[in-house]
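Chain by chain, the residues run as shown.
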Amino acid sequence: MRVLRHIKPADVATGMFIHGFVGSWFDHPFWRKKFLLEDDDDVLKIRQSRVDAVIVDDERGSVPAPRAAERPFAMPSLPSAPRLATQPNPLAKRYTAPTAATKSTSFRQESKRAAKIVEKSKKQVGAMFEAARMGQAIKVADVAPLIDEIRDSVERNNKALTNLVRLKSKDEYTYMHSVAVCALMINFARKLDLDENTIRSMGMAGLLHDLGKMAVPQMILDKNGRLTDEEFSAIRTHPERGHALIGDNPEIPDVARDVCLHHHEKMDGTGYPFGLQGNEISLAARMGAICDVYDAVTSNRPYKDPWTPCTALGRMAQWEGHFDERLMQVFINSMGLYPAGGLVRLNDHRLALVVDNCEDDPSAIRVRPFYCTSRLQLTKPVEIIIAPDRGPQILGTERPEFWHFDDWAALRQSILAKGADLSAAA
Ligand SMILES: [Fe+2]
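Bear in mind the structure is a predicted one, so any value in this text is a computation, not a measurement. (Residues numbered from 1 in each chain as written. Predicted model: local features only at pLDDT ≥ 70, side-chain atom pairs only at ≥ 80, totals over all residues. Heavy atoms only, no water.)

## A short note on the overall build of the protein
Assigned secondary structure in the protein consists of 16 helices and 10 strands. Burial statistics for the protein: of 426 residues in total, 52% are counted as buried. Across the protein, every contact between residues at least 6 apart in sequence was considered, and the portion connecting residues at least 24 apart equals 67%. Carbon and sulfur atoms form 51% of the exposed surface of the protein, whose accessible area is close to 19900 Å². (Helix = DSSP H or I, 4+ residues; strand = E, 2+ residues; numbered from the N terminus. Buried < 20%, exposed > 50% of the residue type's maximum accessible area, 1.4 Å probe, protein only. Contact = heavy atoms within 4.5 Å. Areas by Shrake-Rupley, 256 points an atom, 1.4 Å probe, with all protein chains shown as cover.)

Here it is in C-alpha cells:
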C-alpha cells in the first residue's frame, strides 16, 4: 500500500523516492519536487537544506528506517479549501481525461498549437461574456472543451499559452485575461498536486473570475486616464456582480463562485469587497489573486509597458501583506522561472544573479554568474543565457546568507554594474 511519510531532511538516504518538500520552495535546492534519490550529492543537498520536512513515497522507493519515520514531526500546511474536497464536481461529466496528446513539447512547438487555442478562445469566451452581459445563463457545455484544451496545452508546455495571451488588444482584454488566468490556475493547481476534477474547476474559476466586469460600463473599463472615485467604486463592484451573474447555476462549481467573489481580497485585510484576511480567504481565492495580478502586470497593454515574467515574480514576491507568501513561492516554482534579482546555483559550480527574461524567448533567462563554488571565489560577472535545452542549467535558488554574502543588496548592485570590482561589495 502506498504510504507518504514525512521525515526530517537529516534522515533521507539514496533509494528513497522524494514526493515533495515541506517548506518554502526557496529552501530546497531542486528544480523538481518528485524524483528518485540516487545521488549522494543530492542527499547532501537535502540534508543541508532548510526545508521543514521531506515527503517520501514508500511505494516508489526504499522505506525510511522506523526510527526516522515514526519520529513526531510538526507539519506546517498550506491553507485548506474545505469545499474543494467534498463538493461533487458538476463539471466532471463535461470533460475528457488527459490523453497521450499531452506529451511534453518544446516552447516553440507548443506556441504554434497554443496560437490556435487562443484564437478559438477569443470567440468562445467573448460569446460567453457577451451572453452574461445580456443576462443569459452561462452555458458550461460551450466552454468545457476549451478548458480541456487549455489544460492539455499547459501540460505539454507551461509557458507557451501563458506567454501568447500576454499580448492583448484593448477590446479583447477582459476575455484574454480570463483565458490567461484559466491557464495559470490550471498550472498552479497541477503544481499543488490537486486532483483532476479540482484542476478543471480551478480552470473554470480562472475563466469566470472577472465575469462581473460585464456589468461595469465599458467606457469605465476602457478609460486610459485616471479613474474618478465613482468610476473606481464601480469597478470595485465587479466581484459581487460576477458572483450574482453566476448565481445558482448548478453546472458551475462553488470554487468558481468563491474565486469570482474573493480574488481581490488581500492577506492583510486591505482588499475588497469584504476586507477578509489570512485564513478567512480560501486557497482557491489566494491562488486566483496571484494569477490575476501576475497576468495583469505582465500583459502588453496600449498605455503601459508590461513587466517581464521574471521581474513580475521578483516584485510580487516583495509585496508584503498582499499574497500568501508560501503560495507565491509555489506559483514561482509552477512557472519554471526565477525572480529577477534572485540568487541561483548553476550546474557548472557557479552562483549567478538572475537578470531577466530573454525578450525573444521567454523560456530562456539571462543570468550573470559571479562566484565559483568549488574555489569559493568571486569571478568577473559575464552575462549568459540559460536556455531549457542547451548549455548550463539552473539547479535551484540559493540563500545569500548561506554563502556569507552579508550585504547582498550591495553585491547585487555591483554585479549589475558593468566591470565593477566585486571584492569591495562581498
Ligand atoms: Fe478582478
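Anyway, onward from the coordinates.
## Focus: the nonpolar core
Ranked by size, the top nonpolar core spans 76 residues in total, and within it Ile-150, Leu-161, Phe-188, Met-287, Tyr-294 and Phe-331 carry the most contacts. No other element matches the 12 residues that helix 7 (residues 173-191) contributes to this core. Both domain 2 (97-335) and domain 3 (343-424) contribute no fewer than three residues apiece to this core. Setting aside residues up to four positions removed in sequence, Phe-331 forms contacts with Leu-184, Phe-188, Ile-290, Cys-291, Tyr-294 and Leu-313. Judged by nonpolar contacts, the second largest core, of 12 residues, contains Ile-7, Ile-18, Leu-37 and Val-54. (Core = buried A, V, L, I, M, F, W, Y, C linked by side-chain atoms within 4.5 Å. Domains from an automatic or database assignment.)

## Points about the pattern of salt bridges
With the rule as written, the count across this model stands at 17 salt bridges. Measuring nitrogen to oxygen at the nearest pair gives 2.8 Å for the salt bridge that ties Glu-383 to Arg-366. A residue pair is termed long-range when its members are at least 10 positions apart, and Glu-383 in the loop between strand 8 (377-378) and strand 9 (384-386) and Arg-366 in strand 7 (residues 365-372) qualify at 17 residues. Among the residues examined, Glu-383 registers a relative accessible area of 32% and is labelled partly exposed. (Salt bridge = Lys/Arg side-chain N within 4 Å of Asp/Glu carboxyl O.)

## With respect to the packing of helix 4 (residues 107-133) against helix 7
Contact geometry of helix 4 with helix 7 gives a least axis separation of 9 Å together with a crossing angle of 115°. Viewed along their axes, helix 4 and helix 7 adopt a mutual orientation that is roughly perpendicular. Both helix 4 and helix 7 take part in a crossing whose hand is right-handed. Along the contact surface, helix 4 presents Val-118, Ser-121, Lys-122, Val-125, Gly-126, Phe-129 and Glu-130, while helix 7 presents Thr-174, Tyr-175, Met-176, Ser-178 and Val-179. For the contact of helix 4 with helix 7, the class distribution of residues is 6 nonpolar, 4 polar and 2 charged. (Axes fitted to C-alpha atoms, helices over the stretch in contact; angles between N-to-C directions. Parallel < 35°, antiparallel > 145°, perpendicular 65-115°, else oblique. Left-handed = near helix turned anticlockwise from the far one by under 90°. Nonpolar A, V, L, I, M, F, W, Y, C, P; charged D, E, K, R; others polar.)

## Concerning the packing of helix 4 against helix 5 (residues 140-156)
The N-to-C vectors of helix 4 and helix 5 enclose an angle of 155°; their axes lie 10 Å apart at closest approach. It follows from the interaxial angle that helix 4 and helix 5 lie roughly antiparallel. Two packed elements cross with a definite hand, and for helix 4 against helix 5 that hand is left-handed. Residues Glu-110, Arg-113, Ala-114, Ile-117, Lys-120, Ser-121, Gln-124, Val-125 and Met-128 of helix 4 lie in contact with helix 5, whose contacting residues are Asp-142, Val-143, Leu-146, Glu-149, Ile-150, Ser-153 and Arg-156. The residue makeup of the contact of helix 4 with helix 5, split by class, is 7 nonpolar, 3 polar and 6 charged.

## Section: the packing of aromatic side chains
All told, the structure shown has 11 aromatic pairs when counted by the stated rule. On the numbers, 6.1 Å between centres and 35° between planes, the contact of Phe-370 with Trp-408 is tilted. Remark: Trp-408 occurs in helix 16 (residues 408-416) and Phe-370 occurs in strand 7; sequence separation between them is 38 residues. Trp-408 shares its class with Phe-370; the two are buried. Ring centres of Tyr-371 and Phe-405 lie 5.2 Å apart, and the angle between their planes is 80°; on these two criteria the pair is classed as edge-to-face. Taken together, the positions of Tyr-371 in strand 7 and Phe-405 in the loop between strand 10 (394-397) and helix 16 put the pair 34 residues apart, joining distant regions of the chain. One exposure class covers both Tyr-371 and Phe-405, and it is buried. Just above the ring of Trp-307 sits the side chain of Arg-315; from NZ or CZ to the centre is 4.5 Å. (Phe/Tyr/Trp six-rings, centres within 6.5 Å; stacked < 30°, edge-to-face > 60°. Lys NZ or Arg CZ within 6 Å of the ring centre and 35° of its normal.)

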